[in-house]
4 protein chains.
Amino acid sequence: MRGNSFGKMLSITSFGESHGEAIGVVIDGVPPGMDYSLEDLQHELDRRAPGRLKGATARKEPDRAEILSGVFEGKTLGTPIAVIVKNTNQRSADYDKLKENYRPGHADKTTEAKYGIRDHRGGGRSSGRETVARVIGGYFSGLLLKDVTIRAWISKVGPFEYNDVPDLSGDFGSYSFPDTSKTDEIEKYLVGLKKDGESRGGQVRIAIDNCPIGLGEPSFDKLKADMAKALVSIGACFSFSFGLGEEMADHNGSFVSSNTDNFGGIEGGISNGNRIMMKITFKPTSTIGDKAKEGRHDPCIIPRAIPVVEGMVKLVLADHYLRQNAYKNL
Amino acid sequence: MRGNSFGKMLSITSFGESHGEAIGVVIDGVPPGMDYSLEDLQHELDRRAPGRLKGATARKEPDRAEILSGVFEGKTLGTPIAVIVKNTNQRSADYDKLKENYRPGHADKTTEAKYGIRDHRGGGRSSGRETVARVIGGYFSGLLLKDVTIRAWISKVGPFEYNDVPDLSGDFGSYSFPDTSKTDEIEKYLVGLKKDGESRGGQVRIAIDNCPIGLGEPSFDKLKADMAKALVSIGACFSFSFGLGEEMADHNGSFVSSNTDNFGGIEGGISNGNRIMMKITFKPTSTIGDKAKEGRHDPCIIPRAIPVVEGMVKLVLADHYLRQNAYKNL
Amino acid sequence: MRGNSFGKMLSITSFGESHGEAIGVVIDGVPPGMDYSLEDLQHELDRRAPGRLKGATARKEPDRAEILSGVFEGKTLGTPIAVIVKNTNQRSADYDKLKENYRPGHADKTTEAKYGIRDHRGGGRSSGRETVARVIGGYFSGLLLKDVTIRAWISKVGPFEYNDVPDLSGDFGSYSFPDTSKTDEIEKYLVGLKKDGESRGGQVRIAIDNCPIGLGEPSFDKLKADMAKALVSIGACFSFSFGLGEEMADHNGSFVSSNTDNFGGIEGGISNGNRIMMKITFKPTSTIGDKAKEGRHDPCIIPRAIPVVEGMVKLVLADHYLRQNAYKNL
Amino acid sequence: MRGNSFGKMLSITSFGESHGEAIGVVIDGVPPGMDYSLEDLQHELDRRAPGRLKGATARKEPDRAEILSGVFEGKTLGTPIAVIVKNTNQRSADYDKLKENYRPGHADKTTEAKYGIRDHRGGGRSSGRETVARVIGGYFSGLLLKDVTIRAWISKVGPFEYNDVPDLSGDFGSYSFPDTSKTDEIEKYLVGLKKDGESRGGQVRIAIDNCPIGLGEPSFDKLKADMAKALVSIGACFSFSFGLGEEMADHNGSFVSSNTDNFGGIEGGISNGNRIMMKITFKPTSTIGDKAKEGRHDPCIIPRAIPVVEGMVKLVLADHYLRQNAYKNL
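So, how was this worked out
Residues numbered from 1 in each chain as written. Chains lettered and ligands numbered in written order. Predicted model: local features only at pLDDT ≥ 70, side-chain atom pairs only at ≥ 80, totals over all residues. Heavy atoms only, no water. Helix = DSSP H or I, 4+ residues; strand = E, 2+ residues; numbered from the N terminus. Rg over C-alpha atoms; globule rule 2.2 N^0.38 Å. Buried < 20%, exposed > 50% of the residue type's maximum accessible area, 1.4 Å probe, protein only. Contact = heavy atoms within 4.5 Å. Least-squares fit on C-alpha atoms with pLDDT ≥ 70 in both. Buried area = accessible area lost by both parts, 1.4 Å probe. Salt bridge = Lys/Arg side-chain N within 4 Å of Asp/Glu carboxyl O. Expected span 1.5 Å × (residues − 1). Polar contact = N/O pair within 3.5 Å; in protein donor to acceptor, adjacent residues only side chain to side chain. Nonpolar A, V, L, I, M, F, W, Y, C, P; charged D, E, K, R; others polar. Core = buried A, V, L, I, M, F, W, Y, C linked by side-chain atoms within 4.5 Å. Axes fitted to C-alpha atoms, helices over the stretch in contact; angles between N-to-C directions. Parallel < 35°, antiparallel > 145°, perpendicular 65-115°, else oblique. Left-handed = near helix turned anticlockwise from the far one by under 90°. Pairing = 2+ DSSP bridges. Lys, Arg positive; Asp, Glu negative; His and termini not counted. Phe/Tyr/Trp six-rings, centres within 6.5 Å; stacked < 30°, edge-to-face > 60°. pLDDT = per-residue confidence, 0-100. Disulfide = S-S within 2.5 Å.

A.B. asks: Quick question: what am I supposed to make of the overall build of chain A here?
C.D. replies: A count of helices and strands for chain A gives nine helices and 14 strands. Taken over C-alpha atoms, the radius of gyration comes to 20 Å for chain A, in line with the 20 Å a tight globule of 330 residues would show. Considering only C-alpha atoms, chain A reaches an extent of 60 × 50 × 40 Å along its principal axes. Counting only residues that meet the buried cut, chain A has 71% of its 330 residues in that class.

And the structure:
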């Protein structure tokens, strides 16, 4: 009821404040007998880890996943999988000044208004660290989606734009920008922002290939609606669209109907077997000015958000896949 | 699980195919002892009813609400409120050709792929008639939100754009376009589309004033995430954004932080007491060409979608209001 | 949240006060393409209908089922099935005296304490009429359980006891007492109670044959736990047990382990393929004295409760069947 | 969906196999700003800990609670509280023989049938260790119930019976038998069972004083129904009753109505302010014979089950308390 769980057949329950003991997640509904790999899981976490990129925060947190339950001899048991990541790098001193310093666009003030109490050492539940749970949940959801390809990439950051749909099996470089000839320039741009105490938003596009037909329910749990909730629930996300998106307002029906791509792989809220295409927007990170120059914050969240975005998409697909499978072979 | 319910503390369960006996809804969680009015409810339904506007479908369905339960002597009982609207105008002959005619962008094909069976007489659950349930649910949710102002309007349709935020107590005319000097032109434009067998998408903006502070939960059930799901779950909706929306990608943090309006009334996923501003996009309706010229379809859904949009927003707010109230005065 | 829904994959949402317009139910999660029959449904309702038995209430309510949605040409559509039964026999005059007359053991007083408002014309949501929804939900759940046999019977009422397990395909007579040589005596006994302004409790046993192995979840949603909730949620039910039940307290482990029947078909909360055996107790109906002599009340609820009990059992089994099926053939 | 969560407004999600890394629980919905004490929590866990009593298992597991989230400076934050207890005493060698040894009445066989895979080192999710999560959940739920008294005690074990309702503030001794003059005899009895490779069931009664009026919902989520589910979901529980329980079958309505105590504090499914009285039955533990003589198993589970029972009752009450509070002071 307090909204720390997501999903129906396959659900995750997330816990942990940014400066508490640990961030963690319970994934319930993963089928029994599936091969998993701690290394693959860790690899996903490393993609969102701080300290990995010059153009991101300099904090180094190992973010080591510990699996507490739900697995045995390399396989899932069908029981709830609990995974924790200890918080090892909480420098409270850095944050003590924030006790009465409410960052605009951040949850500090609203959290206090809501609860009357707040762990002022950091963002608490609203910290970006909460997304660790989403990446872990996404990894285990992905075990169910072996034949589905899910890729997210940066389509816009600062002056850099990528408007095509890339080869989904390609390497998008360390900043997840499909034109990897720009990777160095992007890094330079982000490092420059950090030096200036600035931050920047951006856009991410997501493509799904080989999504089974028939996922999504016709009324409230349309596939598009659950994707919207999943993605907009990510901290800094300010928009969601699929297919033609906002451009839909600018066309006549005859134009739109002439090309199924315009519907982004979802008709009547249900996957139609075509490639699914979605787009989301992130705001610039809240920490700017001198605080930002200290280096412990990201000037732009989206390079690290990519595995989070992919994780949420996997959760939605795996959940709907099981929901639909319940009605097969009766 | 099949996604016909929405909301947690206050929930609606929707039922009914477009060409079955009735469309209906069960609203559970409305507090006891609230004054309601059948006329006010009917007025909301009339706002979305077909046949009311020249620029919309010519079908005339009375859409008469019958309350079956949950009320007594002018007040709510706190028990589930069931309301049905009988389907009186199903002209199956009109639709029989559609048995194997799958309209692009419509649910016909995906529904058949999903269920293996379909009421081919119409859109079934994916028909626009399903939104009757949302309007009714919105009316009863609104009983809880006496001090909150919720208004939606068309900000873009064809060549007509309205980019300001209007006086929320104003009259927006029969096409919900705040610049009512354009109402006649808009009607002419829509009638023209119909004649041409064309359809058109558009954009709707939503403003909420006096939203209590502290609504929304910090993780998955952020207010923005539940709004995204609620609104994108409406049939033809292709995008959701709030605050600066997609424009967030084009600015630095210093610019964004300088004006709280950019956050659209929601920080950290929780309402901050400012005006909440959201925007959604609708695609052109699927029926075009000769079929559209017959007149039983809307060339543009958004004039009739306005009460549906407001209804979904009310549902989300009332649900979160009760969820937050559970922790008050303990 | 207000507890008018039951079930997860297959759920029912019940609505209606005893003296409102109608009692109804939305059944969500029934698979598409299943043959149903309005006559079979009506037959189930007739089993619980008042006025059918001399030993029950003399009120005659036709309890005619109207299906509003979810079916087409004799088959289910996979969409929510809404069914209503109009309340035709509300004699408010009979009940007006009850405005401030709180029957012990009845919900009158607690309902008013809880809601601050009450439809004093009858039991409202707490009336036995609410069980109409359970019978209808049970009928549609049963479509999924073609190979499973589910029978409930009276094992104790007044001086009559039946302690064996009868042939489940047998005819148990109009009072659902497997020794049908006693049917007339039971009727005489119940008619006698009515004349005396008395009422009586009793016990019901339930047997399930051919229940698939593996239904139930190992932690909170054990099959036994969901059966307990389903059955104890019936108005007058005061106990639930399975297998040896309360007798388990009187034996050593060696005795209990020597015969699998003692576990009642459920081990570790999961069906083991054996016959499932359960027992529940009903209290005497609340209306006694002169009021009872008027004849509009049942001296003993259990003859009419049998189809309600079977309905709830079917709901639990069908729900768990779909939940388990979601993990098959992945 | 896989049933590892319980509760609506206040919910617990349990995880952990008996022989995995840890047992744990996430408690979501505890209000912010409540004082808690790690010592009090540990005290509750110690009440169910093995190795404490001569008449129970000789395994010694410290069962040390580690709180990972949701608290700060001695107070709850209103965010999910995650607590783990590491499994320190897994002697796999002891259990390896059990790989193909299915104990009757235990979940070994049904678990394998259900999942096709099993952690054969122990009971997995069906082990008694899973109840650690329930005790922890109960502790935090209890923070909401300061004025409510909840006590469970053994009313029957072997030849010992206690049929009165004791002073709820009294000390019931180390075996939770209110007549503490029998404590030593009970211990002797249980030690004797262990020597004989025997086990024993028993009965537990539960009393609740000062329960607020109005808890429970009139249809499926009746207070009695949620109590039934909560208690019957405990591993070895075979029966649930309240008020007069099974005896209800043996009386006329005039007798039953003459004393409100017979209704056990719940009318129409809703608490009426009277003392709530419930009774449950536990089966003898499954491990008997030579295996039992080794000493690592309990001859009777109920002395250690008492804090589990109280925990589940607290969860149900706290959940319903918040659900009802959502409608107060609107």
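A.B. asks: Quick question: what am I supposed to make of the environment of Ala249(A) here?
C.D. replies: By the secondary structure assignment, Ala249(A) is in the loop between strand S11 (237–242) and helix H7 (253–257). Taking the C-alpha atoms as reference points, Ala249(A) and Arg47(A), 202 residues apart in sequence, are found 36 Å from one another. Excluding its chain neighbours within four sequence positions, the residues that come into contact with Ala249(A) are Lys156(B), Arg200(B), Gly201(B), Gly202(B), Gln203(B), Thr281(B) and Phe282(B).

A.B. asks: Please explain the relation of the copies chain A and chain B as it appears in this structure.
C.D. replies: Two copies of a chain can be linked by a rotation about an axis combined with a shift along that same axis. When chain A is fitted to chain B, the best match, at an RMSD of 0.0 Å, comes from turning it 180 degrees and sliding it 0.0 Å along the axis. Both chain copies can therefore be described as sitting about a two-fold axis. Interface overlap between copies: 100% of the residues of chain A at the interface are likewise at the interface in chain B, consistent with a symmetric, same-surface contact.

A.B. asks: Explain the interface of chain A and chain B here, please?
C.D. replies: Accessible area lost upon the coming together of the parts serves often as the stated size of an interface. Counting from both sides, the interface comprises 89 residues of chain A and, opposite them, 89 residues of chain B. Approximately 7,200 Å² of surface area, both sides summed, lies buried where chain A meets chain B, with 56% of it carried by carbon and sulfur atoms. Here chain A and chain B share 12 salt bridges between them. The partner of Glu217(B) in a salt bridge is Lys114(A), with the nearest N and O atoms 3.4 Å apart.

A.B. asks: How do you make sense of helix H9 (residues 302–325) of chain A when you look at a structure like this?
C.D. replies: Since the α-helix advances by 3.6 residues per turn, residues separated by three or four positions end up pointing in the same direction. Under the 1.5 Å per step criterion, the end-to-end length of H9(A) is 34 Å for 24 residues, consistent within 8% with the ideal 34 Å. Burial analysis of H9(A) places 23 of its 24 residues in the buried class, the great majority of the element.

A.B. asks: Would you take a moment to explain the interface of chain C and chain B for this structure?
C.D. replies: Tallying the contact residues gives 40 residues for chain C and 40 residues for chain B. For the pair chain C and chain B, the summed buried area comes to about 3,200 Å², and 70% of that belongs to carbon and sulfur atoms. In terms of surface lost to chain B, no three residues of chain C exceed Leu68(C), Phe72(C) and Ile117(C), which account for 18% of the buried area on that side. There are zero salt bridges connecting chain C and chain B. Counting across the interface, chain C meets chain B through nine residue pairs in polar contact (both at pLDDT 80 or more). If you list the elements that add at least two residues to the side of chain C that touches chain B, you get strand S2 (11–15), strand S3 (22–28), strand S5 (71–72), strand S6 (75–76) and strand S7 (81–86) of chain C. Each residue belonging to the side of chain C that touches chain B can be placed in one class, and the counts come to 16 nonpolar, 14 polar and 10 charged.

A.B. asks: Sorry, what's going on with the pattern of salt bridges here?
C.D. replies: Charged atoms that come close allow side chains of opposite charge to pair. Inspection of every chain in the model, using the stated rule, returns 92 salt bridges over all chains. Arg323(D) is paired through a salt bridge with Asp319(D); the nearest N and O atoms lie 4.0 Å apart. On the criterion of helical spacing, the pair formed by Arg323(D) and Asp319(D) is a turn pair, its members being four residues apart in helix H9 (residues 302–325). The residues Arg323(D) and Asp319(D) share a single accessibility class, namely buried. A single network of salt bridges, built from pairs that share partners, joins Lys8(A), Asp221(A), Asp226(A), Asp319(A), Arg323(A) and Lys229(B).

A.B. asks: When you look at the nonpolar core in this model, what are you seeing that I'm missing?
C.D. replies: Nonpolar side chains tend to gather and get buried jointly when the protein is soluble and globular. With 356 residues, the main nonpolar core has Phe140(A), Phe140(B), Phe140(C) and Phe140(D) as its most contacted residues. Discounting residues that sit within four places of it in the chain, Phe140(D) has contacts with Ile27(D), Val30(D), Tyr36(D), Leu41(D), Ile67(D), Ile81(D) and Val83(D).

A.B. asks: Any chance you could explain the packing of helix H4 (residues 131–142) of chain A against H9(A) here in plain terms?
C.D. replies: Residue and element names in this part refer to chain A. Packing of H4 against H9 brings their axes to within 7 Å, and their N-to-C directions diverge by 50 degrees. Put simply, H4 runs oblique to H9. Handedness of the crossing formed by H4 with H9: left-handed. Only Pro307, Val308, Gly311, Met312, Lys314, Leu315 and Ala318 of H9 make contact with H4, whose side of the interface consists of Thr131, Arg134, Val135, Gly137, Gly138, Ser141 and Gly142.

A.B. asks: What's the story with the side chain of His251(D) in this structure? I'm lost.
C.D. replies: Along the polypeptide, His251(D) turns up in the loop between strand S11 (237–242) and helix H7 (253–257). Classification of His251(D) by relative accessible area gives buried; the value is 16%. Residues in contact with His251(D), not counting those within four places in the same chain, are Ser199(C), Arg200(C), Gly201(C), Pro284(C), Leu244(D) and Val256(D).

A.B. asks: Any chance you could explain the environment of Phe72(A) here in plain terms?
C.D. replies: For Phe72(A), the position within the fold is in strand S5 (residues 71–72). Separated by 100 residues in the primary sequence, Phe72(A) and Phe172(A) place their C-alpha atoms 34 Å from one another. Discounting chain neighbours no more than four positions away, the residues touching Phe72(A) are Leu77(A), Arg118(D), Asp119(D), His120(D) and Arg121(D).

A.B. asks: Would you explain the pairing of strand S7 (residues 81–86) of chain B in this entry?
C.D. replies: For a regular strand, the rule is simple: side chains alternate between the two faces of the sheet. All names here are of chain B. Counting buried positions along S7 yields five of six residues, so the element is predominantly enclosed. Note that strand S3 (residues 22–28) and S7 share six bridges and pair antiparallel. Across the sheet, Ala22 pairs through a bridge with Lys86, a residue of S7. Bridge analysis of strand S4 (residues 65–67) against S7 gives three bridges, and the strand direction is antiparallel. For Glu66, the partnering residue across the bridge sits in S7 and is Ile84.

A.B. asks: I'm lost on the sheet that holds strand S8 (residues 149–157) of chain D in this one. Help?
C.D. replies: For sheets, the rule is that strands pair by backbone hydrogen bonds, running either parallel or antiparallel. Reading across from one edge, S9(C)-S8(C)-S10(C)-S14(C)-S11(C)-S11(D)-S14(D)-S10(D)-S8(D)-S9(D) is the order of the 10 strands in this open sheet, with antiparallel pairing throughout. For this open sheet the edge positions go to strand S9 (160–161) of chain C together with strand S9 (160–161) of chain D, each flanked by a neighbour on one side alone. Of the pairings in the sheet, the one linking strand S10 (residues 202–209) of chain C to strand S14 (residues 276–282) of chain C comprises seven bridges and is antiparallel in character. Looking at the pairing, Val204(C) lines up with Ile280(C) of S14(C). Set on the sheet, helix H6 (residues 223–232) of chain C makes contact with S10, strand S11 (237–242) and S14 of chain C together with S11 of chain D; between it and S11(C) the angle comes to about 160 degrees.

A.B. asks: Looking at this model, I keep getting lost on the side chain of Arg200(B). Mind explaining?
C.D. replies: Inspection of the secondary structure assignment puts Arg200(B) in the loop between helix H5 (183–195) and strand S10 (202–209). Among buried Asp, Glu, Lys and Arg side chains, Arg200(B) stands out as unpaired, with Asp250(A) the closest opposite charge at 5.1 Å. Among the polar contacts listed, one links the side chain of Arg200(B) to the side chain of Asn252(A), at a separation of 2.8 Å. A polar contact is formed between the side chain of Arg200(B) and the side chain of Tyr189(B), at a distance of 3.5 Å.

A.B. asks: Help me understand the packing of aromatic side chains in this model?
C.D. replies: In this description, an aromatic ring pair is defined by two values, namely the gap between the centres and the angle between the planes. Applying the stated criterion to the full structure yields 36 aromatic pairs over all chains. Centroid distance Phe6(A) to Phe220(B): 5.6 Å. Interplanar angle 35 degrees. Geometry classified as tilted. With Phe6(A) in strand S1 (residues 5–6) and Phe220(B) in the loop between S10 and helix H6 (223–232), this residue pair bridges two chains. Assessed through its relative accessible area of 10%, Phe6(A) is described here as buried. On the accessibility criterion, Phe220(B) (0% relative accessible area) is buried. Consider the rings of Phe238(C) and Phe242(D), whose centres lie 4.1 Å apart with planes at 15 degrees: the pair is stacked. Taken together, the residues span two chains, with Phe238(C) in strand S11 and Phe242(D) in strand S11. By relative accessible area, which is 2% here, Phe238(C) ends up buried.

A.B. asks: Can you help me understand the confidence of the model for chain A in this one?
C.D. replies: Low pLDDT marks stretches whose predicted atomic positions should not be read closely. For chain A, per-residue confidence averages 92 on the pLDDT scale, and 94% of positions sit at 70 or higher. Listed scores for the predicted complex are pTM 0.96 and ipTM 0.96.

A.B. asks: Sorry, what's going on with the state of the cysteines here?
C.D. replies: The tally for this structure, following the rule as stated, stands at zero disulfides over all chains. The thiol sulfur of Cys237(A) is not disulfide-bonded, and the nearest other cysteine sulfur, from Cys300(A), lies at 13 Å.

A.B. asks: Quick question: what am I supposed to make of the sheet that holds strand S1 (residues 5–6) of chain C here?
C.D. replies: All names here are of chain C. The antiparallel open sheet is built from five strands, whose spatial order is S1-S2-S3-S7-S4. Only two strands of the sheet have a single partner each, and these edge strands are S1 and strand S4 (65–67). Of the pairings in the sheet, the one linking S2 to S3 comprises five bridges and is antiparallel in character. Across the sheet, Ile12 pairs through a bridge with Ile27, a residue of S3. Relative to S3, helix H4 (residues 131–142) is tilted by about 30 degrees, and along the sheet it contacts S2, S3, S4 and S7.

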